[in-house]
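# Commentary on secondary and tertiary structure
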Amino acid sequence: MYLHGTSKVNDKNHLEIGGVDTVELANKYGTPLYVYDVALIRERARSFRDTFKRLNIDAQVAYASKAFSTVAMIQLVEEEGLSLDVVSGGELFTALQAGFPPERIHFHGNNKSYEELDMAIKNKIGCIVVDNYFEISLLEQVCMENNETIPVLLRVTPGIEAHTHDYILTGQEDSKFGFGLENGQADKAVEQVLSSNYLTLLGIHSHIGSQIFETTGFLMAAGKMFAKLKEWKENFGFIPAVLNLGGGFGIRYTEEDTPIAVDKYVEAIIGEVRKHADKLSIDIPEIWIEPGRSIVGDAGTTIYSIGSRKEVPNIRQYLAIDGGMTDNIRPALYQAKYEAVLANRVLDPVEETVSVAGKCCESGDMLIWDLPLPKANSNDMLAVFCTGAYGYSMANNYNRIPRPAVVFVENGEEQLVVQRESYEDLVRLDIPLKTKVID
Ligand SMILES: *Cc1c(COP(=O)(O)O)cnc(C)c1O
């Protein structure tokens, strides 16, 4: 059993996180329940920032808020001095509601609307990561109407795709995101932005994938980007103030995952950027990175109540929990794997292998296949580890299942930061037929 962060087993044989008994939390707030280890989030955020500081490199570490965006989380990110990535008006709104400094917000996305860009400009956010030609003109229009200018990064596709352990160099650069580096699109975009009266070109951005366990892909991307920057220096006299290498740093979900330490990624990236900058005789640009999963992923644990059991004789024991693809769609979407224990009997001996089923009307709603557990029944609770990223943020109301509550724990204290949805919440936006009256 692998325990993350401050997680431990207390003298009642219960899982404890941040000094708080998760069984008590579940009894108090109901299940499913997302529990976040705040100290671990802080530790992850600091290890990124501290490495840049130690190596004396100007940097912004922007938390990719799509991994888990709520007002309390954004406030925590602010406390830790990170910057923030948003990819929609809703994420931007959440950040502004949380009081996050707009100048440290960066706006991503391949189809930002007029309204979203207008909102970003009116709120004077720090930077827009421009994705395509349509966006260049739309953004110029919005800036003109608001009589504002805006710093931008150009998102480029360096032709490298990371598949966790190996990297594919795609000649085609076949992606919905960004300007192709190899096919001339990025060159044209740079010319357009450099000649714009409204956009200021800070530099370029790439994001090569997610759940990456090696530094190779980041170094390859940096190399490709610098090859272009050399041309742009010669052709346009352009020298980047910022180089953004995106996110995607991998975490340990199960024993199959072998992440490297945060400082190792950062050190490798800095070394490579320094080498290329020296060769180009330019100052090392400010380095921006955008971790999402690696800030919050292993800090989140979901507590479920166990319900029904179904035995398929000689084949399998299905054990069902009171959530599933509504609070964690990753197994159904990506065959993602998780580890879990009984929250109320953590150290009891393993007696059987079960497959953990969700409660949704989909055969694919399986949370964990072949999980070794003590013999569990409906008095027990299951704790699934590493659900902090893309869990709550992808939660949905399929089968009209209300979304769970979220609790932060730290130093023996708990704080409810998202309420559980109620059935009333589920019908809040529904409008009855005109001919019927409901009272
Ligand atoms: C999703 C995303 C990230 C964060 O990815 P993680 O795998 O959660 O670190 C960062 N940058 C961009 C542009 C993204 O799309």
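To be clear, the structure that these remarks concern was listed above.
As a starting point, this report considers the structure included with it.

The rules behind the values
- Residues numbered from 1 in each chain as written.
- Predicted model: local features only at pLDDT ≥ 70, side-chain atom pairs only at ≥ 80, totals over all residues.
- Heavy atoms only, no water.
- Helix = DSSP H or I, 4+ residues; strand = E, 2+ residues; numbered from the N terminus.
- Rg over C-alpha atoms; globule rule 2.2 N^0.38 Å.
- Buried < 20%, exposed > 50% of the residue type's maximum accessible area, 1.4 Å probe, protein only.
- Contact = heavy atoms within 4.5 Å.
- Areas by Shrake-Rupley, 256 points an atom, 1.4 Å probe, with all protein chains shown as cover.
- Lys, Arg positive; Asp, Glu negative; His and termini not counted.
- Charge placed at Lys NZ, Arg CZ, Asp CG, Glu CD.
- Core = buried A, V, L, I, M, F, W, Y, C linked by side-chain atoms within 4.5 Å.
- Domains from an automatic or database assignment.
- Pairing = 2+ DSSP bridges.
- Right-handed = clockwise from strand over helix to strand, strands pointing away.

What follows covers the overall build of the protein chain. The helix and strand tally for the protein chain stands at twelve helices and 23 strands. Taking 22 Å as the expected radius of gyration for a compact globule of 439 residues, we find that the protein chain reaches 23 Å, a close match to that expectation. In terms of overall dimensions, the protein chain has a C-alpha envelope of 70 × 60 × 40 Å along the principal axes. Within the span of the protein chain, comprising 439 residues, buried residues form 55% of the whole. Considering only residue pairs separated by 6 or more positions, the protein chain has 69% of its internal contacts joining residues 24 or more positions apart. A total of about 19,500 Å² of accessible surface is found on the protein chain, and carbon and sulfur atoms cover 48% of it. Taking the average place of the 41 positive charges on the side chains of the protein chain and the average place of its 62 negative ones, the gap between the two points comes to 1 Å.

To continue, consider the nonpolar core. Formed by 89 residues in total, the largest nonpolar core has its most connected members in Tyr63, Met73, Ile128, Leu139, Val296 and Phe408. Mapping this core onto the domain boundaries places at least three of its residues in each of domain 1 (8-37 + 297-420) and domain 2 (39-294). Those residues within four positions of Ile128 in sequence are excluded, and the remaining contacts are Phe107, Lys112, Leu117, Ala120, Ile121, Glu135, Leu139, Ile150, Pro151, Val152 and Leu153. Ile306, Leu319, Ala340 and Ile368 belong to the second largest nonpolar core, which has 39 residues in total.

Here the focus is the environment of Ser294. Structurally, Ser294 is set in helix 10 (residues 293-296). By relative accessible area, Ser294 is classed as buried at 4%. Residues contacting Ser294, with those up to four places away along its chain left out, are Arg44, Phe48, Phe249 and Ile251.

What follows concerns the pairing of strand 8 (residues 127-130). Side chains Cys127 and Val129 of strand 8 all project onto a buried face; the interleaved residues Ile128 and Val130 project onto the opposite face, where all are buried too. Pairing of strand 7 (residues 105-107) with strand 8 involves two bridges; the strand directions are parallel. Along strand 8, the bridge assignment pairs His106 with Cys127. Assessed by its sense of winding, the connection that carries the chain from strand 7 through helix 5 (residues 114-122) to strand 8 is right-handed. Where strand 8 lies against strand 9 (residues 150-157), three bridges are found, and the strand directions are parallel. Opposite Val130, over in strand 9, you have Leu154 as the bridge partner. In this region the chain leaves strand 8, passes through helix 6 (residues 133-146) and returns to the parallel neighbour strand 9; the handedness of that crossover is right-handed.

Right, let's get into the side chain of Glu339. In this structure, Glu339 sits in the loop between helix 11 (330-334) and strand 18 (340-342). Judged by its relative accessible area of 18%, Glu339 falls in the buried class. Discounting residues that sit within four places of it in the chain, Glu339 has contacts with Tyr2, Arg252, Tyr253, Thr254, Glu255, Ile368, Ala383, Val384 and Phe385.

All right, on to the environment of Ile368 then. You can see Ile368 is positioned in strand 20 (residues 366-373). With relative accessibility at 6%, the residue Ile368 sits in the buried group. Between the alpha carbons of Ile368 and Leu319 there is a distance of 9.9 Å; along the sequence they are 49 residues apart. Sequence-distant contacts of Ile368, defined by excluding residues within four places in its chain, comprise Tyr338, Glu339, Ala340, Val354, Ser355, Val356 and Val384.

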